[in-house]
Amino acid sequence: MDLTFSPQETAFRDEIREWLAANPPSAEPADGGEDAHYAWRRDWQRRMYDGGWAAPSWPTEYGGRGSTPTESAIYFEEIGRARVPLPANVLGLLLGGPTLMVWGTPEQKERYLPPILSGEEIWCQGFSEPDAGSDLAALKTRAVKDGDDWLVTGQKVWTSGAQYSKWCMLVARTDSEVAKHKGLTYFLMDMDQAAVQVRPLRQITGEAEFNELFIEEARIPDANVVGGVGNGWKVALTTLMNERAGLGFVLQIRLRQLLDDLIAAAAERGLLENGGYADALADLHVRCESIRLLAWKGLTDVEKYGQPGPEGSLVKWLWSDTNQRLTQLAVDIVGPQALTSGTAWSYELLRARGNTIEGGTTEVLKNIIAERVLGLPRLKATA
Amino acid sequence: MDFGLTDDQRDIQRTARDLLAERAKPDIVREHAEAGTVDGALWKELCELGWPGIAISEENGGQGLGRIELSILCEELGRVLAPVPFLPTVLASTLIEHSGSAEQRAAWLPRLASGEATGALGSSVDGTAGLVIGAVGADVIVLIDTDGGASLLEASAAEVTPLAAIDPTRSAARVSGSGEELPGDVAAGTDRALVAISSELVGVCGRALEMTVEYVKDRKQFGVPVGAYQAVSHRCAQMLLDTEKARSTAAYAAWTADADPERLPEAAAMAKVTASEAGREVTASAIQAHGGIGFTWEADVHWLYKRAQLDSVLLGGAGSHRASIAGILAERIRSGAAA
């Protein structure tokens, strides 16, 4: 056990830290709504791209730095520490690109990877449907062959960034005669067509991070199938595995910052001397540190054995639960004015409710842990 | 950055697990628990292997390995609830080594390292400790007082009144008396002692989870293994989360003790918080998931619950260590440092 960074890792950390200090993003737009905000994040990705920092974990042949999993974690920790946003095309960089690297043809890699990295083409993820959430393989969006093309009809939901996206990672049913996992195909769908309608989905915070997609005979050339017809489930799993890998480190640091803000707020009010609040804040501190340690432990497994241990699901579960506890405690510490619409704490409180649902509900995570880590039997679903 | 054990540490873990699987089988432990006896043969064997002295420096007669190695042994012995005075003895030697004088170290560490002498450690108020594990028959007892000082009592200077604690796999006694002061930094010893207790709790939790998983896979009701029900399987998932939190914080604390001592006070408190909480929750869940059989004397899960109850409150429960952490956080705010 050695919880220090190697000289190479330290050098990597210093380099990204110095670069972020020397190249801060432009001032965050005060108004102009989500469009202005997105444009700002897109501009930020361009700066990171120009500096060679858009996706350090990508192999050098695709324009990355071929950084190790530990270095990638350091990269996200430093982004969190500097309190700068993630690059705008986060789904393309973290999910779409790595999925193409595994399953894409040489032509697909050459065509799609460079504009993901530069941010010229934004990507979104068309997986979930109104009737296919945790049970993703039950999805109903259908793709039918039409000459050299596929015609796609259906509905997708929770599609973040769809209004800014050029490409959608779309999973659709191409064969309804076979078992539900086997009849799926993974497509790259051009969002720039009238057959695809994007409607913002207003969430409990009042903003619209996500969208619904209404797809009516959208056309996708056969060349945009990724990983072969009928192989969509496997390709989608590659995307989902990447979903939990990198992002955890940013979330962990954001949680730490939020807790530091809350401790400062408690200190200002003289509440650190209050036994009840002191106990609750110390509890959150221990949870935060446990998340950090479990995340690093998971990374050790990735570096040593090539795959994450059970920590991934544990970290996501503990993180989401802790963020909800933290934001709830903030209301008590700050007082009822924390619940004023438009304030940071009211936003954090409401947004945190989504944490135990998005990216795998806590209930599904517990199933995964019970079945795949502990080896407990699975209760057969009723049809 | 490497959270794993070294090859040598893995060897220690494997050797310990294999040996204890053979020598500390549940029926042997039960026999000693019911008779209230120490497993003298096992203790002798562990002493011959040098276990009590694993973390004691070589000049004081130990093996000179680190706190991680000690934690590995604590965890393995905790898993099987070995009825030997290992933990009390290493807690005493830890305080003497890190908080004692050169004379105290020279007088006691070689004997505690070889197992020729046994020790115990307790918390006292005005010279009396209400319950000290392993104190019966101990050659030396260290008492940490609520005022922050610590004293060393030779057996002859200590009034030891045996108690029947709920965990009979180890002796317990009320101890009073005044001894010689440990002149060094008492916190340096206490923090390391907290880590050793936490590691034992991790072992207890790990075993409780394993027994539970085995049981709920096997036990059928309504025609299916009860572990297929999410009410049961999600409880098991929670047991794993609690155990892994404790495991990672205890490992971190053991590492800081040798490699980053400035971080030790915070890390040791975190380890004791997570391990105390996990110890209680995980072993209580083990009883619950075993159903009626879990409440019987015949099922072995109650020994784990009882050990966890004792360990959780030794040198302060989770609440008192959260209070220490809150103090550290407040101090950081005052000094303007980031957490």
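Rules behind the numbers
Residues numbered from 1 in each chain as written. Chains lettered and ligands numbered in written order. Predicted model: local features only at pLDDT ≥ 70, side-chain atom pairs only at ≥ 80, totals over all residues. Helix = DSSP H or I, 4+ residues; strand = E, 2+ residues; numbered from the N terminus. Rg over C-alpha atoms; globule rule 2.2 N^0.38 Å. Buried ≥ 20, exposed ≤ 12 C-beta atoms within 10 Å, placed from the backbone. Contact = placed C-beta atoms within 7 Å. Nonpolar A, V, L, I, M, F, W, Y, C, P; charged D, E, K, R; others polar. Domains from an automatic or database assignment. Expected span 1.5 Å × (residues − 1). Pairing = 2+ DSSP bridges. Axes fitted to C-alpha atoms, helices over the stretch in contact; angles between N-to-C directions. Core = buried A, V, L, I, M, F, W, Y, C linked by C-beta atoms within 7 Å. Parallel < 35°, antiparallel > 145°, perpendicular 65-115°, else oblique.

### Section: the overall build of chain A
- Each helix and strand in chain A was counted, giving 11 helices and 8 strands.
- For 383 residues, the compact-globule estimate of 2.2 N^0.38 gives 21 Å, and the C-alpha radius of gyration of chain A, at 22 Å, lies within 12% of that figure.
- Taking the principal axes of the C-alpha coordinates as reference, chain A spans close to 70 × 50 × 50 Å.
- Of all 383 residues assigned to chain A, the portion counted as buried reaches 43%.
- Residue pairs at least 24 apart in sequence account for 68% of intrachain contacts in chain A once pairs closer than 6 positions are excluded.

### Section: the overall build of chain B
- When you go through chain B residue by residue, the secondary structure sums to 11 helices and 9 strands.
- Computed over C-alpha atoms, the radius of gyration of chain B comes to 20 Å, within 12% of the 20 Å expected from 2.2 N^0.38 for 339 residues, which places it in the range of a compact globule.
- With the C-alpha coordinates aligned to their principal axes, the bounding extent of chain B is approximately 65 × 55 × 40 Å.
- A total of 339 residues make up chain B; the buried ones form 57% of that total.
- When contacts within chain B are restricted to residue pairs at least 6 apart in sequence, long-range pairs at least 24 apart make up 70% of them.

### So, unusual backbone geometry
Residues and elements named next belong to chain A.
- Look at Trp158: it is not a glycine, yet its phi comes out positive at around 65°.
- With respect to the secondary-structure elements, Trp158 resides in the loop between strand S3 (149-157) and strand S4 (167-173).
- Look at Trp158 and you get buried, because 22 C-beta atoms sit within 10 Å.

### Details of the interface of chain A and chain B
- Facing the 38 residues of chain A at the interface are 41 residues of chain B.
- Among the elements that take part in the side of chain A that touches chain B, helix H8 (residues 275-305) of chain A stands out by supplying 15 residues, more than any other.
- Considered class by class, the residues forming the side of chain A that touches chain B number 24 nonpolar, 4 polar and 10 charged.

### Observations concerning the domain arrangement of chain B
Residue and element names in this part refer to chain B.
- Looking at chain B, the domain boundaries give domain 1 (7-184) and domain 2 (187-335).
- Counting from both sides, the interface comprises 32 residues of domain 1 and, opposite them, 29 residues of domain 2.
- For the side of domain 1 that touches domain 2, the elements supplying multiple residues, two or more each, are helix H2 (26-35), helix H4 (67-80), helix H5 (86-99) and strand S1 (119-124).
- In terms of residues, the side of domain 1 that touches domain 2 owes the most to one element, H4, which gives 10 residues.
- Across the side of domain 1 that touches domain 2, the residue classes tally to 17 nonpolar, 9 polar and 6 charged.

### Points about helix H10 (residues 301-313) of chain B
- The end-to-end C-alpha distance of H10(B), which contains 13 residues, comes to 19 Å, matching closely the 18 Å that a straight helix rising 1.5 Å per residue would cover.
- Taken together, the buried positions of H10(B) are B:Val301, B:Trp303, B:Leu304, B:Tyr305, B:Arg307, B:Ala308, B:Leu310, B:Asp311 and B:Ser312.

### So, the sheet that holds strand S5 (residues 159-163) of chain B
Residues and elements named next belong to chain B.
- Taken together, the 3 strands give an open sheet; going across it, the order is S2-S6-S5, and neighbouring strands pair in antiparallel fashion. With one partner strand each, in any of the chains shown, strand S2 (128-133) and S5 form the two edges of the open sheet. Here the average twist between neighbouring strands, direction ignored, is 30°.

### Looking at the domain arrangement of chain A
Residue and element names in this part refer to chain A.
- Looking at the assigned domains, one finds that chain A contains domain 1 (7-88), domain 2 (123-230) and domain 3 (246-373).
- A C-alpha centroid distance of 23 Å is found between domain 1 and domain 3.
- Domain 1 puts 13 residues into the contact, and the matching count from domain 3 is 9 residues.
- Looking at the side of domain 1 that touches domain 3 residue by residue, the class counts come to 5 nonpolar, 5 polar and 3 charged.

### With respect to the sheet that holds strand S7 (residues 180-181) of chain B
All names here are of chain B.
- Pairing in this open sheet of 4 strands is mixed, and the strands run S1-S3-S4-S7 from one edge to the other. Edge positions in the open sheet fall to S1 and S7, since each of these has one partner strand only.
- For S1 and strand S3 (residues 140-145), the ladder comprises 6 bridges, and the chain directions are parallel. Along S3, the bridge assignment pairs Gly122 with Leu143.

### Some thoughts on the nonpolar core
- With 213 residues, the main nonpolar core has A:Phe187, B:Ile141, B:Val142, B:Cys236 and B:Ala253 as its most contacted residues.
- Among all residues touching B:Val142, those that are not within four sequence positions of it are B:Ala92, B:Leu95, B:Ile96, B:Gly119, B:Leu121, B:Ala150, B:Leu152 and B:Leu182.

### Observations concerning the packing of H8(A) against helix H9 (residues 264-289) of chain B
- Where H8(A) contacts H9(B), the two axes come as close as 10 Å, and the packing angle between them is 95°. In terms of orientation, H8(A) and H9(B) fall into the roughly perpendicular class. On H9(B), the residues that touch A:Val286, A:Glu289 and A:Ser290 of H8(A) are B:Met270, B:Val273 and B:Thr274.
- Class assignment for the residues of the contact of H8(A) with H9(B) results in 3 nonpolar, 2 polar and 1 charged.

### Some words on the environment of A:Ile333
Residues and elements named next belong to chain A.
- The residue Ile333 is located in helix H9 (residues 311-334) in this model.
- Between the C-alpha atoms of Ile333 and Ser128, which are 205 residues apart in sequence, the distance is 37 Å.
- Not counting residues within four places of it along the chain, the set of residues in contact with Ile333 comprises Leu262, Ala265, Ala266, Arg269, Leu271 and Tyr277.

### Structural notes on the pairing of strand S2 (residues 142-146) of chain A
Residue and element names in this part refer to chain A.
- As defined by bridge partners, S2 adjoins S3 across 5 bridges and the pair is classed as antiparallel. When the bridges of S3 are listed, Ala143 appears paired with Val152.
- Linking S2 to S3, which pair antiparallel, is a turn of 2 residues; within it Gly147 sits at a positive phi near 65°.

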